Amino acid sequence: MKVLVCISHVPDTTSKINFTSDNKEFDKNGVQFVINPYDEFGLTRAIWIKEKQGGTVTVLNVGKAETEPTLRKALAIGADDAIRIDAEPTDAFYVAQQIAAVVKENNYDLVIAGRESIDYNGGQVPGMLAALLKWPFVNGCMGLELDGNKASLIREIDGGKEKLSASLPLVIGGQKGLVEEKDLRIPNMRGIMSARTKPLNVKDATNGDHRTSVGNYEKPAPKSAVKMIDADNIEELVNLLHSEAKVI
Amino acid sequence: MSDNTVQATRFLKGGEFLIRDVSSDEVFIPEDFNEEQRMMAEATTEFIEKEVIPERERFEKKDYDFTLSLMKKAGELGLLGISVAEEYGGLGMDFNTSMLVCDRISGVSGSLSTAYGAHTGIGTLPISLYGTEEQKKKYLPKLATGEWMGAYCLTEPGAGSDANSGKSKAELTADGKHYKINGQKIWISNAGFANLFIVFARIEDDKYLTGFIVERTFDGISFGEEENKLGIRASSTRQVFFNDCLVPVENLLGERNGGFKIAMNALNYGRIKLAVATLDAARRVLTHAVQYGNERKQFGQSITEFGAIQQKLADMATYTWVAESATYRAGQDIENHIARLKEEGASLSESKLKGVEEYAIECAIMKVFASEVGSYVSDEGVQIYGGMGYSADAPMESAYRDVRIARIYEGTNEINRMHSVGMLLKKALKGELDLMSPAMKIGGELMEIPSFDTPDYSELFSEEKEILGKLKKSILMVAGKAVEKYAMQIEEEQELLMAAANMIIEVYAAESALLRAEKLSKQRGEEKTQTEIDMTRLFLYRAVENVGRAGREAIYSFAEGDEQRMLLMGLKRFTKLQNPINVTETRRRIAKRVVEANRYPFTI
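Heads up: these notes are all about the structure in this document. Numbering of residues starts from 1 in each chain and follows the order in which that chain's sequence is written. As a convention, the first chain written is A and the first ligand written is 1, with the rest following in written order. For this predicted model, a pLDDT threshold of at least 70 governs which residues receive local features, and a threshold of 80 or more governs which side-chain atom pairs are given and counted, while totals over whole chains, interfaces and linings are taken from all residues. The basis for the side-chain values is all heavy atoms of the structure; hydrogens and waters are excluded.

1. Looking at the nonpolar core
For step 1, the next point in the chain: For the purposes of this section, nonpolar cores are sets of buried Ala, Val, Leu, Ile, Met, Phe, Trp, Tyr and Cys residues that join through side-chain atoms within 4.5 Å. Only protein chains enter the accessibility calculation, which uses a 1.4 Å probe; a residue is then buried when its area is under 20% of its type maximum, exposed when over 50%, and partly exposed in between. In this structure, Leu 43, Val 59 and Leu 144 of chain A together with Phe 47 of chain B are the most contacted members of the largest nonpolar core, which totals 209 residues.
For step 2, the next point in the chain: Runs of H or I in DSSP of at least four residues are treated as helices and runs of E of at least two as strands, each being numbered from the N terminus. When residues in this core are grouped by element, the largest group, 18 residues, is from helix 17 (residues 494-524) of chain B.
For step 3, the next point in the chain: How far each domain reaches was decided by an automatic or database domain assignment. When residues of this core are sorted by domain, at least three fall in each of domain 1 (150-259) and domain 2 (430-448 + 460-597) of chain B.
For step 4, the next point in the chain: Contacts: residue pairs with any heavy atoms within 4.5 Å of one another. Excluding its chain neighbours within four sequence positions, the residues that come into contact with Val 59 of chain A are Val 5, Ile 7, Leu 43, Leu 71, Ala 74, Leu 75, Ala 79, Asp 81, Ala 82 and Ile 83 of chain A.
For step 5, the next point in the chain: Membership of the second largest hydrophobic core comes to 22 residues, among which are Tyr 94, Tyr 108, Leu 133 and Trp 135 of chain A.

Structure, rendered in structure tokens:
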């Protein structure tokens, strides 16, 4: 079983988000980057598959050299090798094209991406990738069992779950449920040391185009002060909601 | 200068910081850690966040099993074998990496910190350093993976700081196959669950103790009840009794009579490790304090908007940052010396031993400084929380209690203060460190008329470096005169030794801060190093005040008449600030950075 796990290099959720260049660019200064949490669920599941059924786990990222520590962390957790496609991840279509080129060169049985990355939350890459490869695609995937080249999947739908089956090769957009938070692995020290010697191949980007471009970003208005009203003082609450907040 | 001299003086020897300046390019700063070391630190923090914090209240309920289970998990992650050689199942990492992991694993609870320190430091290290090949093969793999837990039995009811006065006896049995150990050990960390004990006892009427490796299952070993302690409540601490305990002769550790040396060398390690073990606790306390302070509204505003609180936040951040700077600086000096000795052909154990021993002064200094910074920070943490800080429901209460032990174990801060000065004087007497010629020069310098030129301070820290140089002179002047007066009797003048130690500690810490800020500013530019520059200047201001006070106290006490006047005049000249910083504004700027970041802002 050859599994490819797509890894996004995203700011830690506690990071302060700022923009530079007239709000056109994200300010990376002082920001700590991590493996996109949705991808980490997929990575852990992929390692389970390898441990249970044998095979290899390759991790991939489309990004510049700064993303390599994130890939090496994935290697430390248990991936066998890593690929970095040396390009700025301009938009989802561009990224999907880059990944598709790698997938076409190697015979992966399964590609696991996160359902979205927690930085730009586009949620498009795995779908576009599946379309480019003409492979089946299951998004919001919270359960995956493999039997030969058959996959049983569970997808999260509004208010419930949908059980699906598909044949490999397959692309999934993974999330929590593939494994639980408690199953996420802390890289052990030996794993960290061995990450040094595992292959991290840097590939040139293939020709691709992006179909969207960013105008600028706007941060949500800062939270304004909170007024605490005594639980017994309903009248004042109603009064304030009416006259100040003007919502009733 | 011959080539030899260049070779010999290329690196800064232990204690030499007092008489020689180094450039910031030569010192290690925490920002120098590489990606792999950072990944190890982050994995350790992840372990703390996931496995420890959610159940941290179990520590306060004296849940020793919790501590043990965490140690086992730490073993699975490889955190117990960082500095054990690879051939014995460890990772064989360098000294500063082991410091970094110790830093991160120790931040949330003194209970875990103590269990970790007792196991990896004094529990495992003596075997790594002094064990025979058989002993290493037999025990180190078990200790490195956490299959076995280690402990260290030195202290006795009548032998604490005076460790060599222990009464435990070891007697060779008639068949020559065993040593029979009898005695009582007290305050033994990890005693409740340790599988292996490094035990010190005296064979016949030997001058010094001898070390033994004792397994828990050996006959004749029994345990007291768990001690009721002020803090580190889930660190298992018991008495250990040896009653005709039979230890195979092959379990003698090192040489007969060599136990005291083992104990002291293990303590050198333990001291600097303890220093680093207080750092993350201080960072976390500051983070809690500023987060609470930012939320806590009084008189219509966050309490962090008040100068009285900002002042505390600035000092807490500064002292923590300074302690971090000095600890890792010393750590890398040790590592570099280990590497140097290995290159010269010494064995790994020998290199590790001598590497740490060379910087025993810095180890003692850092133990004192960092434990006192930790105490200060947690105390102010309680204060910022106000009434809530006194409540066991808030994190300050346990932090405050837990850090208190750091000033007591691994040699009390008093012992370490005297020890650091004592070692300096010994190095000077042995001719390893020439303290006397620079001290003599100062006498001459005081007779000269001071220069009235206006110095050029345009380069960053040029004035601060000059001040540091003068502080070093203050120490040499006061200590030089004191030694002249008391000669070897100075050992009896403990108050004087304390004052000298305080001066030395301030200078080492301030210099380390300055070198870190300077190195950073060379890398990122002054603009992006503004807070670090501010903290360096704020700390240097403190150092000047503290060196002046300690120096005056010493001079008032041991000198009289003209000599006293001359020394006081010298001290005044050496501790005079030409262009003092605006202390309040500096603190406000530092506090602003902390308040805006809403955490300890100098992640490494």
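What follows continues from the structure just given.
2. With respect to the interface of chain A and chain B
For step 1, the next point in the chain: Each side of the interface is counted separately: chain A has 17 residues, and chain B has 22 residues.
For step 2, the next point in the chain: By definition, the buried area sums, over both parts, the 1.4 Å-probe accessible area that each loses when the two are put together. Summing the contributions of chain A and of chain B, the shared interface buries around 1700 Å²; its carbon and sulfur component is 59%.
For step 3, the next point in the chain: If you sort the residues of chain A by the area they bury against chain B, Ile 186, Met 189 and Met 193 of chain A come out on top, with a joint share of 40%.
For step 4, the next point in the chain: Only one rule defines a salt bridge in this text: a Lys or Arg side-chain nitrogen within 4 Å of an Asp or Glu carboxyl oxygen. A salt bridge links Glu 35 of chain B to Arg 72 of chain A; the nearest nitrogen and oxygen atoms lie 2.5 Å apart.
For step 5, the next point in the chain: Polar contacts, as used here, are pairs of N or O atoms within 3.5 Å; protein pairs need one atom able to donate a hydrogen and one able to accept it. Residues neighboring in sequence count only if both atoms are side-chain atoms. Remark: the boundary between chain A and chain B carries 8 residue pairs in polar contact (both at pLDDT 80 or more).
For step 6, the next point in the chain: Broken down by secondary-structure element, the contributors of at least two residues to the side of chain A that touches chain B are helix 2 (68-77) and helix 5 (189-195) of chain A.
For step 7, the next point in the chain: Here the residues of the side of chain A that touches chain B sort into 8 nonpolar, 3 polar and 6 charged. When residues are grouped by polarity, Ala, Val, Leu, Ile, Met, Phe, Trp, Tyr, Cys and Pro land in nonpolar, Asp, Glu, Lys and Arg in charged, and all others, Gly among them, in polar.

3. Some details on unusual backbone geometry
Glycine aside, negative phi is the norm for most residues, and most peptide bonds take the trans geometry.
For step 1, the next point in the chain: At the junction of Leu 168 of chain A and Pro 169 of chain A, the peptide bond is cis and its omega measures out at -5° in the coordinates.
For step 2, the next point in the chain: As for its position among the elements, Pro 169 of chain A is in the loop between strand 11 (160-167) and strand 12 (170-174).
For step 3, the next point in the chain: Notably, Lys 62 of chain B is not glycine yet its phi reads approximately 55°, a positive angle.
For step 4, the next point in the chain: Structurally, Lys 62 of chain B can be placed in the loop between helix 3 (57-60) and helix 4 (64-76).
For step 5, the next point in the chain: Here Lys 62 of chain B falls in the partly exposed class, since its relative accessible area comes to 32%.
For step 6, the next point in the chain: Located in the positive-phi region is Asn 598 of chain B, a residue other than glycine, with phi close to 60°.
For step 7, the next point in the chain: A relative accessible area of 28% places Asn 598 of chain B in the partly exposed class.

4. What to know about the sheet that holds strand 9 (residues 137-147) of chain A
Sheet strands pair via backbone hydrogen bonds, and the direction of the pair is either parallel or antiparallel.
Residue and element names in this part refer to chain A.
For step 1, the next point in the chain: Strands are treated as partners if at least two bridges between them are detected by DSSP. Across the sheet, 9 strands lie side by side as 11-10-9-12-8-1-6-7-13; this open sheet has mixed pairing. Two strands bound the open sheet, and with one partner strand each, they are strand 11 and strand 13 (200-204). Taking each pair of neighbouring strands and ignoring which way they run, the sheet shows an average axis angle of 30°.
For step 2, the next point in the chain: Between the N-to-C directions of two axes lies an angle of 0 to 180 degrees, each axis being a line fitted to C-alpha atoms and, for a helix, fitted only over the stretch in contact. Contacting strand 1 (2-6), strand 6 (56-63), strand 7 (81-86), strand 8 (110-114) and strand 13, helix 3 (residues 92-105) crosses the sheet at an angle of about 150° to strand 6.
For step 3, the next point in the chain: Contacts between helix 4 (residues 125-133) and the sheet are confined to strand 8, strand 9 and strand 12, with strand 12 contributing the most and set at about 175° to the helix.

5. A word on the packing of helix 16 (residues 462-486) of chain B against helix 17 of chain B
Residues and elements named next belong to chain B.
For step 1, the next point in the chain: Between helix 16 and helix 17, the least distance of the axes is 10 Å, while the angle of their chain directions is 160°. As summarised for this structure, helix 16 and helix 17 are arranged roughly antiparallel, according to the angle between their axes. The element helix 16 and its partner helix 17 pack so that their crossing is left-handed. Residues Glu 464, Lys 465, Leu 468, Leu 471, Lys 472, Ser 474, Ile 475, Val 478, Ala 482 and Tyr 486 of helix 16 pack against Leu 496, Met 503, Ile 504, Val 507, Ala 510, Glu 511, Leu 514 and Glu 518 of helix 17. Every angle not falling under 35 degrees, over 145, or within 65 to 115 is termed oblique; those three ranges are roughly parallel, roughly antiparallel and roughly perpendicular. When the near helix sits turned anticlockwise from the far one by under a right angle, the crossing is termed left-handed; a clockwise turn instead gives a right-handed crossing.

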